[in-house]
Amino acid sequence: MVLRRLGAAGIAAAAAFSLAACGLSVSTRDQVTEAGTETTAVEQEKIKTKEGEKVTLRVVDWSDSTKARREAFNKKFMEENPGVTVEYTVLTADQFKESVISSIKSGDAPDLFPLPSGVNINTAVEENWFVPLTDYLGEDFFAQFAEGSFNEGVTNVDGKVYGVPEAANIVNTLIFYNKTVLEDAGVTELPATWSEFKEACETVTKAGGGKYYGLIDSGAQTNRLELFIRSLASTAGAKCGDMSQIILVDGKSPLNSDAMRSAFAFYDSLVKGGCIHPDSITLKAPEARALFAQNQAAFICQGAWCISTWKTENPDLDFGVMAMPVPDSGAKGKLPHISATAWMGISANSKHPDVAARYLEGLYSEDYQSGLVEDGGFVSVINSVNEKYMTDEQMLEYYKLNDEAAVLVPDPIIGNPQAATVYAAAATVSPGLGEILQGVLAQSVDYEAQLADLAEKTQAEWEGAIQKAADAGADVGPEDFSFANWEPMTDYTSDMYESR
């Protein structure tokens, strides 16, 4: 697989508050003073932990599928660094976002934490969340990453790196199938189209008699629901991009396109047909994949991280991976794909950023990365590790399907880094796609009316944010979010930004 150019950034859901106004303490590295409306950063001497000093390093993320490996890594790190205690906490993505923003506002952020979903790196740096990694990590560390791993406005701000990507960001909406359930239900061929998928789900559900169902979903996580529906819509030709992007199509929000409505109609038909596990509305992703592994469903839409978890926790599970089903008339687009974005950064409030940097060096060592790749479900941002250690059968199939089923979508920030100012000014519109689909799963909403309302309000929010950014001096306009030369079946390559 060729690792494509990195891109994408999130709508700054946290931009509504100013951490400085909330009393966030400022690190001695960047002592900030204000003169009128101008803010000046003063470079200070880098912090160096004294030899033998007792250090508690707090690390928080949502990487539950690699938890066992990380805990072993933490134990080894503490053995090799006497006096250092690592306190590691794993949360769900939703829990993490709420928790970390609260801790930042109170001035008590962990030493190491990922950029929350929906927050742009520019906003995080402006609010003094992170210290530049380039202050504490050398050229050799960054040189080992795949080409294109670091981009201005995505991982970098003003030429400095503030966040490293966790992994090569392959698509996380392929379909896993349970061979035991399909065989028991008499389904002998994998479905390729929406009608075939619905028919297979109906057959399985009927044969299961309450023991198993066609599809199980993560209905308690709106982010997973939104990823699923965007992927379905993309196969129907929707230019909706990744959930972290502001994209305009013919100057308008694409969230109520014909393709999007057809994807909702398909999902609605699965619910009405009794094809979806009845507990789905209350399940988070780890719970859904656990029930799938207990042979309670034939299909589940999740990411490659499931592979290593199942092989560790459910070694008897007989499963495979297949592409997202496409409309009966054929695919009009592929799954929206963005390469790895900023993940882990060192807190600007850390008293031991040099120790945190040492921790990052270990996380991206061949010793640790090779174990993740060997487990399956993980694609390293270090190409040499993938080439040497990826041997798992299901992971290799997922890796291959990713290249076939996904395309790189345009990223406004790569086209114009000043587009990041618009993300910082744009608020999240609710209910969003995931929340609306949650209502479909519960059969409690008129999704057509809600989609129309979402598109209208999103359009107004984006237009207002673009104008606000321009009024503040950013060289940005609606054209920076429109891509007339975007063909949903092919990669949007770097040269296409100049010709649009």
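The shown structure was predicted, so the numbers you read here are calculated from the model rather than taken from an experiment. (Residues numbered from 1 in each chain as written. Predicted model: local features only at pLDDT ≥ 70, side-chain atom pairs only at ≥ 80, totals over all residues. Heavy atoms only, no water.)

Trainee: Can you tell me about the overall build of the protein, naming the residues and giving the values?
Mentor: The helix and strand tally for the protein stands at 19 helices and 15 strands. On C-alpha atoms alone, the protein measures out to a radius of gyration of 23 Å, which is about the 23 Å that the 2.2 N^0.38 rule sets for 500 residues. In terms of its C-alpha atoms, the protein occupies a principal-axis envelope of roughly 70 × 55 × 40 Å. Sorting the 500 residues of the protein into buried and exposed places 56% on the buried side. Put simply, 77% of the contacts in the protein that link residues at least 6 apart link residues at least 24 apart. Surface exposure of the protein reaches about 20,900 Å², of which carbon and sulfur atoms provide 47%. (Helix = DSSP H or I, 4+ residues; strand = E, 2+ residues; numbered from the N terminus. Rg over C-alpha atoms; globule rule 2.2 N^0.38 Å. Buried < 20%, exposed > 50% of the residue type's maximum accessible area, 1.4 Å probe, protein only. Contact = heavy atoms within 4.5 Å. Areas by Shrake-Rupley, 256 points an atom, 1.4 Å probe, with all protein chains shown as cover.)

Trainee: Can you tell me about the packing of aromatic side chains, naming the residues and giving the values?
Mentor: As enumerated under the stated definition, the model contains 28 aromatic pairs in all. Note on Phe483 and Tyr497: the rings are 6.2 Å apart at their centroids and 85 degrees apart in plane angle, and the pair reads as edge-to-face. Taken together, the residues Phe483 in the loop between α18 (447–471) and α19 (496–499) and Tyr497 in helix α19 connect sequence positions 14 residues apart. Residue class for Phe483 comes out buried when judged on its relative accessible area of 4%. Taken together, the ring pairs connect Phe141, Phe142, Phe145, Phe150 and Tyr364 into an aromatic cluster. (Phe/Tyr/Trp six-rings, centres within 6.5 Å; stacked < 30°, edge-to-face > 60°.)

Trainee: Explain a negative patch on the surface to me, using residue names and the numbers behind them.
Mentor: On the surface, a cluster of negative charge is contributed by Glu189, Glu196, Glu199 and Asp328. Looking at where Glu196 falls in the secondary structure, it is placed in helix α6 (residues 194–208). (Patch = residues over 30% accessible without salt bridge, like charges linked within 9 Å, V, L, I, M, F, W, Y side chains within 5 Å. Salt bridge = Lys/Arg side-chain N within 4 Å of Asp/Glu carboxyl O. Lys, Arg positive; Asp, Glu negative; His and termini not counted. Charge placed at Lys NZ, Arg CZ, Asp CG, Glu CD.)

Trainee: Go over helix α17 (residues 433–441), please, and point to the residues and values.
Mentor: A large share of α17 lies buried, amounting to seven of its nine residues. Buried within α17 we find Leu433, Gly434, Ile436, Leu437, Gly439, Val440 and Leu441. If you follow the buried residues of α17, they end up packed against α7 (222–235), α8 (258–272) and α18. Among the residues trailing α17, Gln443 stands out with phi positive, at a value near 55 degrees.

Trainee: Can you break down the pairing of strand β14 (residues 344–347) residue by residue, with the values?
Mentor: Two strands pair when backbone bridges link them, and strand β5 (residues 112–114) and β14 are joined in this way by three bridges, in the antiparallel orientation. Bridge pairing links Pro114 to Met344 in β14. (Pairing = 2+ DSSP bridges.)

Trainee: Before we move on, can you summarise the pattern of salt bridges with the specific residues and values?
Mentor: Counted under the stated rule, the structure contains 14 salt bridges. The residue Lys198 makes a salt bridge to Glu202 at a minimum N-O spacing of 4.0 Å. Remark: Glu202 and Lys198 occur in helix α6; sequence separation between them is four residues, near one turn of the helix. Under the relative-accessibility criterion, Glu202 is labelled partly exposed at 33%. Residue Lys272 pairs with Asp268 through a salt bridge whose shortest N-O separation is 2.7 Å. With Lys272 and Asp268 both in helix α8, this residue pair falls four residues apart, about one helical turn. For Lys272, a relative accessible area of 57% puts it in the exposed group. Judged by its relative accessible area of 11%, Asp268 is buried.

Trainee: Kindly report on the side chain of Asn416, identifying the contributing residues and their values.
Mentor: With respect to the helices and strands, the residue Asn416 is situated in the loop between α15 (412–415) and α16 (420–425). Ignoring any residue separated from it by four or fewer positions in sequence, one finds Asn416 in contact with Asp475, Val476 and Asp480.

Trainee: I'd like a rundown of the confidence of the model for the protein, residues and numbers included.
Mentor: Overall, the prediction assigns the protein a mean pLDDT of 88, with 91% of residues at 70 or greater. Ignoring residues within four places in sequence, the model shows residues 1–43, a span with pLDDT below 50, making 133 contacts including any to other chains. (pLDDT = per-residue confidence, 0-100.)

Trainee: Quick rundown of empty space enclosed by the protein? Include the residues and the values.
Mentor: For the structure on display, the rule yields four cavities of 30 Å³ or more. The wall of the second largest cavity is formed by Thr66, Arg70, Glu166, Trp343, Leu363, Tyr364, Tyr368, Gln369, Leu372 and Phe378. Among the elements that make up the lining of the second largest cavity, the one with the highest residue count is helix α12 (residues 366–375) (three residues). For the lining of the second largest cavity, a count of residues per class yields six nonpolar, two polar and two charged. (1 Å grid on protein atoms, 1.4 Å probe; cavity = no way out; pocket = protein on both sides within 12 Å on 5 of 7 lines; lining within 4 Å. Points joined across faces, edges and corners; volume = space filled by probe spheres on them. Nonpolar A, V, L, I, M, F, W, Y, C, P; charged D, E, K, R; others polar.)

Trainee: Quick one: what's the story with unusual backbone geometry, residue by residue and with numbers?
Mentor: With omega at 0 degrees, the peptide bond leading from Ser430 into Pro431 counts as cis. Looking at the element boundaries, Pro431 is found in the loop between α16 and α17. Located in the positive-phi region is Asn128, a residue other than glycine, with phi close to 65 degrees. Along the polypeptide, Asn128 turns up in the loop between α3 (121–126) and β6 (130–131). With a relative accessible area of 13%, Asn128 lands in the buried category. With a phi close to 65 degrees, Asn295 is a non-glycine residue in the positive phi region. One can find Asn295 in the loop between α9 (285–293) and β11 (297–302).

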